[in-house]
Number of protein chains: 2
Amino acid sequence: MRPEVDCGRFPVKRVVGEAVQVEADVFTDGHDAVVAMLFFRHESEKAWRSVPMEFRHNDHWAARFQCEKLGRYEYTVRGWADPFLTWQRDLRKRRDAGQDLSVDFLIGACLLPESTPLRGILADAARSGEERFEAAMKIAPPPPEPARVTSYERVLEVVVEPLHARFSSWYELFPRSVRGDGSHATFRDVAERLPYLADLGFDILYLPPIHPIGVTARKGKNNKVSAEPGDVGSPWAIGAKEGGHKAIHPDLGSFDDFAYLVEKAKQSNIRIALDIAFQVSPDHPYVTEHPKWFRWRPDGTVQYAENPPKKYQDIYPFEFESEEWPELFDELKSVFEFWIAKGVRVFRVDNPHTKPFAFWEWCITELRRQHPDVVFLSEAFTRPRVMHRLAKLGFSQSYTYFTWRNAKQELVEYFTELSQHPSREYFRPNVWPNTPDILHEFLQKNGRPAFISRVVLAATL
Amino acid sequence: MRPEVDCGRFPVKRVVGEAVQVEADVFTDGHDAVVAMLFFRHESEKAWRSVPMEFRHNDHWAARFQCEKLGRYEYTVRGWADPFLTWQRDLRKRRDAGQDLSVDFLIGACLLPESTPLRGILADAARSGEERFEAAMKIAPPPPEPARVTSYERVLEVVVEPLHARFSSWYELFPRSVRGDGSHATFRDVAERLPYLADLGFDILYLPPIHPIGVTARKGKNNKVSAEPGDVGSPWAIGAKEGGHKAIHPDLGSFDDFAYLVEKAKQSNIRIALDIAFQVSPDHPYVTEHPKWFRWRPDGTVQYAENPPKKYQDIYPFEFESEEWPELFDELKSVFEFWIAKGVRVFRVDNPHTKPFAFWEWCITELRRQHPDVVFLSEAFTRPRVMHRLAKLGFSQSYTYFTWRNAKQELVEYFTELSQHPSREYFRPNVWPNTPDILHEFLQKNGRPAFISRVVLAATL
């Protein structure tokens, strides 16, 4: 049976309007004629819909159903050996061989309910063989006895998302830098850029974190460990006295300004994507309000982020193994809900692989139940099994290794994998030519022609 | 996880002394150090045995266990993120970077039970950093908290059979024809051939059915539909007034003669394989004793075997959909048990694909529970899915398409499939150069050299 991900542990993915082509080996012992049916239903439907499967070759059958709306569909396959179809098939062979069919007609009649039209002709020994044969061929097989029907061991699922979960063109900018003259810009400045971005063909505008930025241990320019006065800090050091993940950096504007940006974007057919980075600066209100959401060291300090021997003192990770994990999970989910209420439906999730798999599966499933149009992009630059797991758990799209695939052979191999491997059922690539923290040597050394070729590849592959 | 057949629905196969190489992707979110263990036990053991898995590459781990005895083994994989191993790994990186470790030593001590040897040194601020570091590196991680351990979703199984289930050289002969001078031979004549067969290198002697042969609608020589007086009939038309599947054809000898043959074979290191053909002649005692085990036609006759438009009036198939199927299943299983009690441990099963899959799974599993050394060869010349299903259900070996693969390319492709495809975990090929009813054109036309080359291929491939 396919598509099926990890023995049905995870759903496959589709977007509205796409079909699921279901293929299965359906066979039984002996030589009886087999019938195979695909069953499917949307999560909102109680009754199964069904479509007959078509025999392909070598006991392999296929059928498809259309994903008409957002949400989850279930599907499975049922099959049975059909005594009447078997009898019809064999009757034709016997008749073609010129055999006497009188007993066979009676056998066929016994396979039918009394009320079956034409059954009388079939059973009527006074009629001619040819008349009875023609009646036999016209009779539709009665529905199978339930005990004859074998269902596939599992009911499988498909998650149906909006089209832009599969195909969308993302543009990333730092709102504060959008003026280009070095002065600190706002959401209203960003709004002015929208027609230009729409004209370029982009349909999603992704903003790095827009929240207040911490001052404790703030990083400086050009890799400097400490900030100079006036340095703006990294937007990923989220949280200050002005607020945390549910606040806006005062320099960028108000909630009204943000609403204006979302509305203007809509007019340009552009969706605003926000960055969800589940970490805090030491100044985030969570640190004092929920000390148990962090890991405390024996010296009474909070454990800051590390990738030993590297230290990131301006960032505190959450302690997901805290005894207060249920409250932490709920609060983090509510961050998505907060911005969903502000009109955001697309989220780029920062480093999801450093938060629990179990959190993502629960959080995304719950959010999607209420808001099946929400799209999640996984910013996981890590090992393939982990990136694939995040995709299985629910992320709509994922960052990829595209940035590091520059030679022709590399591109051919990688895009063959992305487009042909069974992982295509759940892993949707998003190919960024570069990002603020990854500028490949190829782009660094080869100037504008390199950027152009990478953009064209990203757009067309 | 592999090996795994159909999401664990079916066991894999091994013979005594073979290992199961288990491979699994084991990983978690974040950057913690991961431990993976393979767990296994024989069905006779209550306690699991375990062996640490070795990291290979790309989150892939491997370990193996030895199948020491007949029967079933269970196996699965468990993994966990280990806080102490993670701490040790990071401590080394911090120390190599020359960082102050005083707080880290205290963090490490907190991860250990009070009673851990060397913990005191680790926690002792009066000791030198190097002394504490060396103590830290010597401490074995404590066993994981049960809540940290993730088990693979399924416990998988392996069926362990005797070596000859995997590799054995079969010789087939009709006992009545063994004299070679046209006179009707007996088991005692067969026994005289045993040293010759052993000398040729065969270790299994397979006898087509040895039971009384029906006289009603007996077939003649050379495809004649009716027998002439003196025609011996087909051994597969089983059953006459002398008895059925638990009787011996009187011309072949007595049960004492059969016991003599089995004993003589053992002295030549040859095992006797019997043919189990679950069908009867119209004269089989079952027909009158158990009329419900057959399908009755509206004209009051029993349905004989057919492959429309072909008719085989000398054979009645069993009606497995009879309401008396439990009695029929029990009786058929008892046929195996009858011959097991007579010293037979190898069975060649005739046309298993025309009997219910459910029957074979139940019958073989039950027989093997009592007699784990019994070997079953499936004579299924049919479609690949069906042949594979029979292998999954429990057959030790299967006939193959070898007979029809004569060109080099055909042989390369087919034996690559047999030896490299995942089906190698359950499908063991038995390659007959020819059989009494299949003599390929290649052998018909090319004489002795063709036979020699096919025998050599069968023996060496």
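To be clear, the structure that these remarks concern was listed above.
Now for a description of the structure that goes with this document.

The rules behind each value
For every chain, the first residue of the written sequence is number 1, and numbering continues from 1 along that sequence. Both sets of labels track the order of writing: A upward for chains, 1 upward for ligands. Under the rules for a predicted model, residues below a pLDDT of 70 receive no local features and side-chain atom pairs below 80 are neither given nor counted, while totals for whole chains, interfaces and linings still include all residues. Water and hydrogen atoms were dropped before computing side-chain values, which therefore reflect all heavy atoms in the structure. Working definition: helices are DSSP H or I runs of at least four residues, strands are E runs of at least two. Numbering for both runs from the N terminus. Throughout this description, buried means an accessible area under 20% of the type-specific maximum (1.4 Å probe, protein chains only), exposed means over 50%, and partly exposed covers the range between. For this analysis, residues touch if any pair of their heavy atoms sits within 4.5 Å. Positive charge is attributed to Lys and Arg, negative charge to Asp and Glu, and no charge count is given to His or to the chain ends. Charge placement uses NZ in Lys and CZ in Arg. For Asp and Glu, CG and CD serve respectively. Sulfur atoms of two cysteines make up a disulfide when they are within 2.5 Å. Joining two parts hides part of their accessible area as seen by a 1.4 Å probe, and the buried area is that hidden amount summed over both. Whenever Lys or Arg places a side-chain nitrogen within 4 Å of a carboxyl oxygen from Asp or Glu, that contact is recorded as a salt bridge. C-alpha atoms of residues with pLDDT of at least 70 in both copies form the basis for the least-squares superposition of the copies. Think of it this way: DSSP has to see at least two bridges between two strands before they count as a pair. Note on method: axes are straight lines fitted to C-alpha atoms, helices fitted across the in-contact stretch only, with angles between N-to-C directions ranging 0 to 180 degrees. For a helix, the expected span equals 1.5 Å multiplied by the number of residues minus one. Residues are called lining when one of their atoms sits within 4 Å of a cavity or pocket point, these points coming from a 1 Å grid over the protein atoms alone, where a cavity is a set in which a 1.4 Å probe fits but cannot get out and a pocket is an open set with protein on both sides within 12 Å along at least five of seven lines. Grid points are joined across faces, edges and corners, and a volume is the space filled by probe spheres set on the points.

Counting its secondary structure elements, chain A contains 12 helices and 20 strands. For chain A, buried positions account for 49% of its 461 residues. When contacts within chain A are restricted to residue pairs at least 6 apart in sequence, long-range pairs at least 24 apart make up 72% of them. Averaged over its 60 positive side-chain charges, chain A has a centre that lies 2 Å from the centre of its 65 negative ones.

This next bit is on the state of the cysteines. Throughout the structure, instances matching the rule amount to 1 disulfide over all chains. The disulfide partner of A:Cys7 is B:Cys7, and the S-S distance across this bridge is 2.0 Å. Negative torsions about the S-S bond denote left-handed disulfides, and the value of about -95° found for A:Cys7 with B:Cys7 makes this one left-handed. Taken together, the residues span two chains, with A:Cys7 in the segment before β1 (12-15) and B:Cys7 in the segment before β1 (12-15). Comparing A:Cys7 with B:Cys7 shows no difference in burial state: the two are buried.

This brings us to the interface of chain A and chain B. On the side of chain B, 42 residues touch chain A, which itself brings 42 residues to the contact. Here chain A packs against chain B, burying approximately 3,700 Å² in sum over the two surfaces, 53% of which is carbon and sulfur. Inspection of the chain A/chain B interface yields 9 salt bridges. Notably, a salt bridge pairs A:Arg148 with B:Glu321, separated by 2.6 Å at the nearest N-O pair. Contributing elements (two or more residues each) for the side of chain A that touches chain B: α1 (83-96), α2 (102-110) and α10 (384-393) of chain A. The element best represented in the side of chain A that touches chain B is α10(A), accounting for 4 residues.

What follows is about the relation of the copies chain A and chain B. Once chain A is rotated about the relating axis by 180° and shifted along it by 0.0 Å, it coincides with chain B to within an RMSD of 0.1 Å. What the rotation and shift describe, once combined, is the action of a two-fold rotation axis. Across chain A, the smallest distance between a C-alpha and the rotation axis is recorded for A:Cys7, namely 2.9 Å.

Residue and element names in this part refer to chain B. Here we have 7 strands laid out as an open sheet, ordered β10-β11-β12-β17-β18-β19-β20, and parallel in their pairing. Edge positions in the open sheet fall to β10 (170-172) and β20 (429-430), since each of these has one partner strand only. As paired strands, β10 and strand β11 (residues 204-207) are joined by 3 bridges and run parallel to one another. Directly across from Glu-172, in β11, lies its bridge partner Tyr-206. Relative to the sheet, helix α5 (residues 187-200) contacts β10 and β11, its axis offset from that of β11 by approximately 150°.

Turning our attention to helix α8 (residues 325-341) of chain A. Residue and element names in this part refer to chain A. Its 17 residues place the ends of α8 24 Å apart at the C-alpha level, agreeing with the 24 Å of an ideal helix rising 1.5 Å per residue. All buried positions along α8 are accounted for by Leu-328, Phe-329, Glu-331, Leu-332, Lys-333, Ser-334, Val-335, Phe-336, Trp-339 and Ile-340. Looking at the packing, one finds that the buried side of α8 touches α6 (255-267), β12 (271-276), α7 (285-289), β17 (346-350), α9 (357-370) and β18 (375-379).

Residues and elements named next belong to chain A. Tallied over the full model, the rule gives 3 cavities of 30 Å³ or more. In this structure, the largest cavity spans a volume of roughly 50 Å³. Residue lining of the largest cavity: Pro-384, Met-387, His-388, Tyr-401, Tyr-414, Glu-417, Leu-418 and Phe-427, and that is the complete set. Contributing elements (two or more residues each) for the lining of the largest cavity: α10 and α11 (408-420).

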